[in-house]
Amino acid sequence: MCIRDRITHLVNLSAWVTRVESSISKLADNKDSLQACYDNQVIILNKLINNVKEKMGKELRQKVKIMIIMDTHSRDIIEKLQIAGVTKIDDFQWQCQLKAYWINEDFRLNIGDAEFLYWYEYIGNGGRLVVTPLTDRIYVTATQALHLKMGCSPAGPAGTGKTETTKDLSCAMGKPCYVFNCSDAMNNVVMGVCFKGIASSGAWGCFDEFNRLIPETLSVCSLQFGSIIDAMKKGQTRCLFAGEDEIEVDDTCGVFITMNPGYLGRSELPEGLKTLFRPITVVVPDFELIAEILLMAEGFIKAKILARKFIILYKLCQDLLSKQAHYDWTLRSIKSVLAVAGGFKRDEPDLDELALLKRALRDFNLPKILVNDIPVIMGL
C-alpha cells in the first residue's frame, strides 16, 4: 500500500510538471495559458479538500492530505511564475523547482542542472512537510551539493526544520535517510562506522547537532569523509577509507550535518571539514503559511483567516503568559492542535470552523496552563 502511495504522489508531481511546461511553451501564442493552468490547479485542489472531509480509511486520508499539501505548493508556484513573468522553461524561477519526469521507463528528479534517479525506497506512508520558500532554498542548496559530490550543512536555531527538511527531501527522492543524534561521547571509531555504512549502501546520513562533537573527533571526520568525497569526484567505486580499510562507494550517497551555532558546548568546525560541505543558513519558517496549508489539508474552507488568527494568538501567548518549561508555542504544538481541530471537523462538519478551532485550542492547551495564566489565555 505504501509503495502505491509514493507512486501516486510521484505521478501527481510529474503530471503537474507536464501541465506547467506545456502552458509555458504556449505563452507565445496564448498569453493566458498559465492563468488557465492556475485555474485548473485550483479546481483540482478544491476537489481534494472536499474529498478529505468525507469518511475514509486512515491510509487513504493520509495520502489525500499529502496531495493537498503538494498541490497547494504547486498552485503557489504557478502564481509566482505569473508574477515573475516567466516565458521560457529555462527561466530560473521554474528551473529551481523540484520536478519529476518519466524518461526511459524510469522517474528522474530535476532541480536546475542536478538530475537524480528516483530510488523507490520503501519509506512508508508518512506525512510530508509544508513546502515554504525556505524549504525551496534548502532543496536547491542540498541538491546542488549532491550534484557536486559534496555534503550539505544547514545551520540555524532549534525548531526551524533543518533535520525535517532533509528527511522530507530524501522522501521526495525515494532515498533512505538515517538520522544520528551527535554528542561529545561519539568518537572517531563510531563516526567511521557511520560513514562506511552510508558510503557503501548509497543511503543518506543526517548528523544532527554535528558541532557537539569534540574538536579531535571533528578533525578525524574531515579525513574520513574527505576520502569518500575524493573517490566520488574521481568516479571510483572503491576507496581507501581514511588510509585504513578499502570500502565500496556508491556515488548516490549523501551526508548532511545540522548545527545550532552559538549554543553552549558547541565546537567550531575545522576549515578542512567546512570545505567538504555546502552551507545554508536556516531561519524561522513562515508559521502562518504552514498553519494555513495544514488547515486546508484537514478540510477547513476559511483556512487563510483562521491561520492568521491562530498564529497571532500563539505569539501573544508566548509574550504575555508566564515563562514555564512545559509551555510549548512552537511549530510542534501548532501541528498537534491543528490535527485535533481536523478530527473535530470530520466529526462535526456543519459546525462553524472558528468554533471548532477554538475548542481544539482550549482542549489542547488549557490542561497545562497555570491558574494565574488562565484568565489571560481565555481573554485572548
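Worth saying up front: this structure is predicted, and the values here are computed from it rather than measured.

Hey, could you run me through the overall build of the protein chain in this one?
The helix and strand inventory of the protein chain stands at 14 helices and 10 strands. For the protein chain, the C-alpha radius of gyration of 23 Å lies close to 21 Å, the compact-globule estimate for 380 residues. Each principal axis of the C-alpha distribution contributes one length, and for the protein chain these read about 65 × 65 × 40 Å. Within the structure as shown, the protein chain displays about 18,400 Å² of accessible surface, and the carbon and sulfur contribution to it stands at 56%.

Please clarify how the packing of aromatic side chains should be interpreted in this entry.
To describe a pair of aromatic rings, one takes the distance between the centres and the angle between the planes. One pass over the full model with this rule turns up 10 aromatic pairs. A ring pair is formed by Phe195 and Phe207, whose centres lie 5.4 Å apart and whose planes are at 50°; its orientation type is tilted. Of the two residues, Phe195 sits in helix H7 (residues 188-201) while Phe207 sits in strand E6 (residues 204-208), which places them 12 residues apart along the sequence. We classify Phe207 as buried; its relative accessible area is 0%. Pairwise contacts between aromatic rings join Phe180, Phe195, Phe207, Phe210, Phe225 and Phe277 into one cluster. Here the guanidinium or amino end of Lys175 rests over the ring plane of Trp119, the centre of that ring lying 3.9 Å away. Lying across the ring of Phe300, Lys345 places its NZ or CZ 5.7 Å from the centre.

Sorry, what's going on with the environment of Ile293 here?
In this structure, Ile293 sits in helix H10 (residues 287-297). Distance from Ile293 to Val131, taken between C-alpha atoms, is 9.3 Å for residues 162 residues apart in sequence.

What am I meant to see in the sheet that holds strand E3 (residues 114-117) here?
Remark on secondary structure: sheet strands pair via backbone hydrogen bonds, oriented parallel or antiparallel. An order of E1-E2-E3 is seen for the three strands of this open sheet, with the pairing classed as antiparallel. Among the strands making up the open sheet, the edge pair consists of strand E1 (99-103) and E3. Between one strand axis and the next, the sheet turns through 30° on average, direction left out of account. Sheet analysis places E1 next to strand E2 (residues 106-111), joined by five bridges and oriented antiparallel. Opposite Ile103, over in E2, you have Asp106 as the bridge partner. Docked against the sheet, helix H5 (residues 133-147) engages E2 and E3, running at close to 80° with respect to E3.

Rules behind the numbers
- Residues numbered from 1 in each chain as written.
- Predicted model: local features only at pLDDT ≥ 70, side-chain atom pairs only at ≥ 80, totals over all residues.
- Heavy atoms only, no water.
- Helix = DSSP H or I, 4+ residues; strand = E, 2+ residues; numbered from the N terminus.
- Rg over C-alpha atoms; globule rule 2.2 N^0.38 Å.
- Areas by Shrake-Rupley, 256 points an atom, 1.4 Å probe, with all protein chains shown as cover.
- Phe/Tyr/Trp six-rings, centres within 6.5 Å; stacked < 30°, edge-to-face > 60°.
- Buried < 20%, exposed > 50% of the residue type's maximum accessible area, 1.4 Å probe, protein only.
- Lys NZ or Arg CZ within 6 Å of the ring centre and 35° of its normal.
- Pairing = 2+ DSSP bridges.
- Axes fitted to C-alpha atoms, helices over the stretch in contact; angles between N-to-C directions.
- Contact = heavy atoms within 4.5 Å.

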